[in-house]
Amino acid sequence: MKKLFSTLAACLAAVFLLTSCGGENKETNVNNFRIKRGTNLSHWLSQSEERGEARQAHIQEDDFERLEQLGFDFVRIPIDEVQFWDEEGNKLDEAWQLLDNALKLARKHNLRAIIDLHIIRSHYFNAVNEEGKNANTLFTSEEAQQGLINLWYQLSDAFKDYDNDWVAYEFMNEPVAEDHEQWNQLVAKVHKALREREPQRTLIVGSNRWQGYETMKYLKVPEGDKNIILSFHYYNPMLLTHYGAWWTPLGKYKGKINYPGVLITKEDYDAAPDSIKPQLEPFLTQEWNIDKIKADFKDAIDVAAKYGLQLFCGEWGVYEPVDRELAYKWTKDMLQVFDEFNIAWTTWCYDADFGFWDQAKNDYKDKPLVDILMSGKKLGDE
């Protein structure tokens, strides 16, 4: 197993160097959009009810300056349709101005930026109705798909003059199609539309079913386009990373957890509410450690190597109530795997409930976590 992963690491390292070395490669038209360690500026232009002065004050220049000084080299900026367009499709100017200013500030502070279209009216990654069916219309409606393309036409019109080496587009977050081919067909359609407008822009393309690592092998990547970065998300084991999270069934578990190793004991399982025991059962036998993380990442690493593209984990992190020592152990293991296979990453997130910065107090809420994050490889160490 060690020999297998060493071979994969060497392969991916070579791929990374070929596709991202200094300056634009004129022969292959590969951008210099190089990324290694970043964070999500979440719950600002996405998943937030803040408007007006509160939204304007949420992310400012000192945030970009702080991230630069800490050693981050890029940010992922989630945006939602409802913040940028009203229900009639008219632009809501304030959000556009905030995003434009954020891109300027990111560049000023040597941070590359990914514009991530996080939630749209026809698709939300948690849109499941009471019967457990997918309530999204995006994958069953030609009109909705053209609507997505039209959103990107407008985003492209607004931001196409930003340097390809500094701004990238992630055209949809965590797709949840019933069939993998539905997502593949939409990828091809949006890719074609964007390439007609911006032939050179770096595009971030994720896998189906919440950008899962396990579905990367089903992703069909547009052939011959080296200005694509492949993306997956990773929060496993959820019992650890989402301990106490009210929005998940596993969040109702209040017993002890362990990491690394088997997460819960039989005694703690027996004491848990019956309603969540089916979700807890897998954690009674599966050992979680760095080897398990490597095994989970294998398909994503293989796909990136197959296409000769950089691999990027766009979301990973630990909820605040999680025991900090366990959180740090998991974080260190994640970073070791990222560094071994030259995987870029953005934590979820900067200043919200998985974050390390407290905007209200203007202070760190978890400085040891930041120190751990900055202990690994930086851009240029590949």
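How each quantity is defined
Residues numbered from 1 in each chain as written. Predicted model: local features only at pLDDT ≥ 70, side-chain atom pairs only at ≥ 80, totals over all residues. Heavy atoms only, no water. Core = buried A, V, L, I, M, F, W, Y, C linked by side-chain atoms within 4.5 Å. Buried < 20%, exposed > 50% of the residue type's maximum accessible area, 1.4 Å probe, protein only. Contact = heavy atoms within 4.5 Å. Phe/Tyr/Trp six-rings, centres within 6.5 Å; stacked < 30°, edge-to-face > 60°. Helix = DSSP H or I, 4+ residues; strand = E, 2+ residues; numbered from the N terminus. Lys NZ or Arg CZ within 6 Å of the ring centre and 35° of its normal. Pairing = 2+ DSSP bridges. Right-handed = clockwise from strand over helix to strand, strands pointing away. 1 Å grid on protein atoms, 1.4 Å probe; cavity = no way out; pocket = protein on both sides within 12 Å on 5 of 7 lines; lining within 4 Å. Points joined across faces, edges and corners; volume = space filled by probe spheres on them. Nonpolar A, V, L, I, M, F, W, Y, C, P; charged D, E, K, R; others polar. Axes fitted to C-alpha atoms, helices over the stretch in contact; angles between N-to-C directions. Parallel < 35°, antiparallel > 145°, perpendicular 65-115°, else oblique. Left-handed = near helix turned anticlockwise from the far one by under 90°.

Novice: In this structure, what is going on with the nonpolar core? I would like to understand it.
Specialist: Side chains that are nonpolar tend, in soluble globular proteins, to be buried together. I77, L230, F232, Y234, F297 and F356 are the most contacted members of the largest nonpolar core, which has 112 residues in total. Discounting residues that sit within four places of it in the chain, Y234 has contacts with Y213, W288, I293, D296, F297, C313, E315, W316, G317, W330 and M334. Core analysis: the next-biggest nonpolar cluster, separate from the first, contains nine residues, I35, F74, I114 and I204 among them.

Novice: Please clarify how the packing of aromatic side chains should be interpreted in this entry.
Specialist: Here a ring pair, both rings aromatic, is described through the centre-centre distance and the interplanar angle of the planes. Going through the model one piece at a time under the given rule, you end up with 28 aromatic pairs. With centroids separated by 6.1 Å and ring planes inclined at 75 degrees, the aromatic side chains of Y235 and F354 adopt a geometry described as edge-to-face. With a gap of 119 residues between them, Y235 in the loop between strand 6 (228–233) and helix 9 (238–241) and F354 in the loop between strand 10 (344–347) and strand 11 (357–358) connect regions that are remote in the sequence. F354 carries the same exposure label as Y235, and that label is buried. Here the aromatic rings of W316 and W330 are separated by 5.9 Å at their centres, their planes lie at 50 degrees, and the arrangement is tilted. In this pair, W316 is assigned in the loop between strand 9 (310–315) and helix 13 (324–340) and W330 in helix 13, connecting sequence segments 14 residues apart. Each member of the pair, W316 together with W330, is buried. Through a chain of ring-to-ring contacts, three or more aromatic side chains come together here, namely F72, Y213, F232, Y234, F297, W316, W330, F338, W345, Y350 and F356. Above the face of the W357 ring, R66 is positioned so that its terminal group lies 3.6 Å from the ring centre. In this structure, R197 is placed above the aromatic ring of Y153, and the distance from its NZ or CZ to the ring centre is 3.9 Å.

Novice: Could you clarify how one ought to interpret the pairing of strand 9 in this entry?
Specialist: It is a general feature of regular strands that their side chains alternate between the two faces of the sheet. In terms of residue burial, strand 9 counts as a mostly covered element, since six of its six residues are buried. With two bridges connecting them, strand 9 and strand 10 associate as parallel partners. Counted as the bridge partner of C313 is W345 from strand 10. Once the chain exits strand 9 it traverses helix 13 before rejoining the sheet at strand 10, and the crossover so formed is right-handed.

Novice: What am I meant to see in the layout of surface pockets here?
Specialist: If a probe the size of a water molecule is rolled over the atoms, the empty space left behind becomes visible. For the largest pocket, the calculated volume is near 910 Å³. What lines the largest pocket is a set of 27 residues, and nearest its centre among them are N126, E174, M238, H242 and W247. By residue number, the principal contributor to the lining of the largest pocket is helix 8 (residues 208–211), which donates three residues. Classifying every residue of the lining of the largest pocket gives 12 nonpolar, 10 polar and five charged. Its volume calculated, the second largest pocket comes out at about 290 Å³.

Novice: What should I look at first to understand the packing of helix 6 (residues 142–159) against helix 7 (residues 180–197) in this one?
Specialist: Taken N-terminus to C-terminus, the directions of helix 6 and helix 7 make an angle of 30 degrees; their axes are 10 Å apart at the nearest point. As far as their axial angle goes, helix 7 and helix 6 are roughly parallel. The element helix 6 and its partner helix 7 pack so that their crossing is right-handed. Between helix 6, through E142, Q145, L148, I149, W152, Y153, S156 and D157, and helix 7, the contact on the second element is made entirely by L186, K189, V190, A193, L194, E196 and R197. Split into classes, the residues belonging to the contact of helix 6 with helix 7 amount to eight nonpolar, two polar and five charged.

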